[in-house]
Amino acid sequence: MKINPFTLSFGMEPHQYISRYSQTSEITESFTSDNPPTMVYMISGVRGSGKTVMLSNITETFSSMKEWIVINVTPDSDILSSIAAKLYSRDDLNKLFVSAKLDISALGIGVSIENSHKIFDIETALEQMLERIAKKGKKVLIAIDEITNNEYVKVFVSIYQILIRQKLPVFLLMTGLYDNIYNLQNEKTLTFLYRAPKIMLEPLSLNSIARSYKDILNVDSETASRMSKLTKGYAFAYQVMGFLYWKNITSKNGKPDVDSLLSEYDDLLENYVYEKIWTELSPKEKDIIAVLSKNEITKVEDIRNELSLTSGNMSVYRDRLNKKGLIDTSRFGYLSLKLPRFGEVIELWID
Ligand SMILES: Nc1ncnc2c1ncn2[C@@H]1O[C@H](COP(=O)(O)OP(=O)(O)OP(=O)(O)O)[C@@H](O)[C@H]1O
Ligand SMILES: [Mg+2]
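Residues numbered from 1 in each chain as written. Chains lettered and ligands numbered in written order. Predicted model: local features only at pLDDT ≥ 70, side-chain atom pairs only at ≥ 80, totals over all residues. Heavy atoms only, no water.

## Considerations on the overall build of the chain
Next up, step 1: Of the regular secondary structure elements, the chain holds 16 helices and ten strands.
Next up, step 2: With the C-alpha coordinates of the chain rotated into their principal frame, the extents come out at 75 × 55 × 35 Å.
Next up, step 3: For the chain, with 351 residues in total, the buried portion stands at 48%.
Next up, step 4: Summarising the internal contacts of the chain: among those between residues at least 6 apart in sequence, 70% fall at separations of at least 24. (Helix = DSSP H or I, 4+ residues; strand = E, 2+ residues; numbered from the N terminus. Buried < 20%, exposed > 50% of the residue type's maximum accessible area, 1.4 Å probe, protein only. Contact = heavy atoms within 4.5 Å.)

Okay, here's the thing in structure tokens:
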């Protein structure tokens, strides 16, 4: 049997990739412009919306450009040292640092160089390395997936601010859940992140999804469009739907009926993401989602009445749920759930 072309794995570039051209090119175009309008972007979106995949996609693009140096770091270790070590160990840069007699062996990186000026602090080390890199006409892109506001990230971002103030060519791309980005930018010393542009991952194009199902699964247009709508453009759901359809094609019965896939569809969405999303909500947020789960679309006024919320409170929750990527606010005065089958899945958890 052939391997399923769809995947349930997170954090890896899928075989079936739906382009996010406009959001991706916004980032690549500003970073590569002669006069970059910003050197930082933050990608945010609900779990399973495709943050990691988009980050890998962009870093691959930059890696293939010869003037760019891409450094991937994790937020759970000393980020500054990790960047310095990664820059130092690159063949193309190592020679540059050694010939400039940049000796950072005191920081545990590289080897000691004779007749050199030893550098003892990481900030100076990075500064000097970046100056050498800048002189060579190169630029550095630092990519961090899934940021939180831990000590490592806080220290890194505050030093990063200083580096860009010195006009060093160092760009930063981070992904994170809304809560984490929000907490980080509210740190007193990191307020510059407030102004850093945020890209909120939007649903994938329903037309592209339908086209992909048609091509890969050989389904008719009507079925493809039905399946596409059932994903609401949510990246993980696109994979799950395709995965289940493929898995249920049998030589005996032929193609499955889409309705027969729904219970397994709900189970996978629940186990992989919805359960986690639900437990991370505050009690009031859960109440609002519960009201929304009863209808396709709900009047804001009706939610307020049912939960006795003031309009001030309501707009705070509305804003937060919107930024978390859980609700659709596009129709004025109305709200609806953004994730596919979320209402059906959470039904059992509501008192
Ligand atoms: N552009 C895309 N086209 C098709 N599938 C995608 C796309 N982006 C992501 N996916 C799929 O969606 C799922 C989630 O992707 P990813 O791991 O990038 O999400 P995430 O936002 O990083 O989630 P988390 O917050 O849990 O880290 C994966 O199965 C991935 O294959
Ligand atoms: Mg991720």
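## What about the domain arrangement of the chain?
Next up, step 1: Considered domain by domain, the chain is made up of domain 1 (21-200), domain 2 (206-263) and domain 3 (281-349).
Next up, step 2: The centre of domain 1, based on its C-alpha atoms, is set 39 Å off from the matching centre of domain 2. (Domains from an automatic or database assignment.)

## Thoughts on the site of ligand 1
Next up, step 1: Surveying the vicinity of ligand 1 reveals 22 residues, the closest of which are Gly11, Ile18, Lys51, Thr52 and Val53.
Next up, step 2: Lysine 51 places a polar side-chain atom, nitrogen or oxygen, 2.7 Å from an oxygen atom of ligand 1.
Next up, step 3: One of the side-chain N or O atoms of threonine 52 is found 2.7 Å from an oxygen atom in ligand 1.
Next up, step 4: Within the complex, 96% of the 630 Å² of free accessible area of ligand 1 lies under protein.
Next up, step 5: Those elements giving two or more residues to the shell around ligand 1 turn out to be α2 (51-63) and α11 (235-247). (Near = heavy atom within 4 Å. Polar contact = N/O pair within 3.5 Å; in protein donor to acceptor, adjacent residues only side chain to side chain. Areas by Shrake-Rupley, 256 points an atom, 1.4 Å probe, with all protein chains shown as cover.)

## Looking at helix α5 (residues 122-135)
Next up, step 1: With 14 residues, α5 should cover 20 Å at 1.5 Å per step; its first-to-last C-alpha distance of 20 Å lies within 8% of that length.
Next up, step 2: Those residues of α5 not exposed but buried are Ile122, Ala125, Leu126, Glu127, Met129, Leu130 and Ile133.
Next up, step 3: In the segment just after α5, glycine 137 is the residue with positive phi, at about 75°. (Expected span 1.5 Å × (residues − 1).)

## A word on the packing of aromatic side chains
Next up, step 1: Inspection of the entire model under this criterion finds 17 aromatic pairs.
Next up, step 2: Judged by centre distance (5.8 Å) and plane angle (20°), the rings of tyrosine 88 and phenylalanine 97 are stacked.
Next up, step 3: Among the residues examined, phenylalanine 97 registers a relative accessible area of 0% and is labelled buried.
Next up, step 4: Seen from their ring centres, tyrosine 178 and tyrosine 182 are 5.6 Å apart, and the 40° between their planes marks the pair as tilted. Here the residue tyrosine 178 and the residue tyrosine 182 both occupy positions in helix α7 (residues 178-185), the gap between them amounting to four residues, near one helical turn. (Phe/Tyr/Trp six-rings, centres within 6.5 Å; stacked < 30°, edge-to-face > 60°.)

## Comments concerning the packing of helix α1 (residues 21-32) against α2
Next up, step 1: Two elements in contact, α1 and α2, have axes separated by 11 Å at closest approach and are oriented at 40°. Crossing angle aside, the handedness with which α1 passes α2 is right-handed. Together, Gln23, Thr24, Ile27, Thr28, Phe31 and Thr32 of α1 and Met54, Asn57, Ile58, Thr61 and Phe62 of α2 make up the contact between the two elements.
Next up, step 2: Considering only residue class, the contact of α1 with α2 consists of five nonpolar, six polar and no charged. (Axes fitted to C-alpha atoms, helices over the stretch in contact; angles between N-to-C directions. Left-handed = near helix turned anticlockwise from the far one by under 90°. Nonpolar A, V, L, I, M, F, W, Y, C, P; charged D, E, K, R; others polar.)

## Re the pairing of strand β2 (residues 68-73)
Next up, step 1: By the criterion of burial, β2 is predominantly enclosed, with five of the six residues buried.
Next up, step 2: Sheet topology note: the β2/strand β5 (residues 139-144) ladder contains six bridges and is parallel. Each bridged residue has a counterpart across the sheet, and for isoleucine 71 the counterpart in β5 is isoleucine 142. (Pairing = 2+ DSSP bridges.)

## Points about the pattern of salt bridges
Next up, step 1: Evaluation of the coordinates by the stated rule reveals 16 salt bridges.
Next up, step 2: The shortest N-O distance in the salt bridge between lysine 138 and aspartate 92 comes to 4.0 Å. On the criterion of sequence distance, the pair formed by lysine 138 in the loop between α5 and β5 and aspartate 92 in helix α4 (residues 91-99) is long-range, its members being 46 residues apart.
Next up, step 3: A salt bridge links arginine 320 to glutamate 285, with the shortest nitrogen-to-oxygen separation between them at 3.7 Å. Here arginine 320, found in helix α15 (residues 311-323), pairs with glutamate 285, found in helix α13 (residues 283-292); they are 35 residues apart in sequence, far enough to count as distant. (Salt bridge = Lys/Arg side-chain N within 4 Å of Asp/Glu carboxyl O.)

## Regarding the sheet that holds strand β8 (residues 298-299)
Next up, step 1: Pairing within the open sheet is antiparallel, and its three strands lie in the order β8-β10-β9. Both edges of this open sheet fall to β8 and β9 (327-328), since each of them pairs with a single strand only.
Next up, step 2: Its contacts with the sheet put α13 on β8, β9 and β10 (334-337), and the angle it makes with β10 is roughly 90°.

## Details of the environment of alanine 196
Next up, step 1: On the secondary structure map, alanine 196 appears in the loop between α8 (192-195) and β7 (198-200).
Next up, step 2: Using a relative accessible area of 7% as the deciding quantity, one classes alanine 196 as buried.
Next up, step 3: Sequence separation between alanine 196 and lysine 66 is 130 residues, and the spatial gap between their C-alpha atoms is 26 Å.
Next up, step 4: Excluding its chain neighbours within four sequence positions, the residues that come into contact with alanine 196 are Val40 and Met42.

## Re the nonpolar core
Soluble globular proteins tend to pack their nonpolar side chains together in the buried interior.
Next up, step 1: Ranked by size, the top nonpolar core spans 54 residues in total, and within it Tyr213, Tyr234, Tyr274, Ile288, Ile289 and Phe342 carry the most contacts.
Next up, step 2: Here this core takes ten residues from α11, the largest share from any one element.
Next up, step 3: Residue contributions to this core reach at least three from each of two domains, namely domain 2 (206-263) and domain 3 (281-349).
Next up, step 4: Those residues in contact with tyrosine 234, other than ones at most four positions away along the chain, are Val46, Arg47, Gly48, Ser49, Leu269, Val273, Tyr274, Leu339 and Pro340.
Next up, step 5: By size, the runner-up hydrophobic cluster in this structure holds 46 residues, among which are Ile164, Leu168, Met174 and Leu190. (Core = buried A, V, L, I, M, F, W, Y, C linked by side-chain atoms within 4.5 Å.)

## Here's the deal with the packing of α11 against helix α12 (residues 262-279)
The packing of two helices is summarised by the inter-axis angle and the distance between the axes.
Next up, step 1: Packing of α11 against α12 brings their axes to within 10 Å, and their N-to-C directions diverge by 135°. Between α11 and α12, the crossing angle belongs to the class labelled oblique. Remark: the crossing between α11 and α12 carries right-handed chirality. Of the residues in α12, those in contact with Phe236, Ala237, Val240, Met241, Leu244 and Lys247 of α11 are Glu264, Tyr265, Leu268, Leu269, Tyr272 and Val273. (Parallel < 35°, antiparallel > 145°, perpendicular 65-115°, else oblique.)

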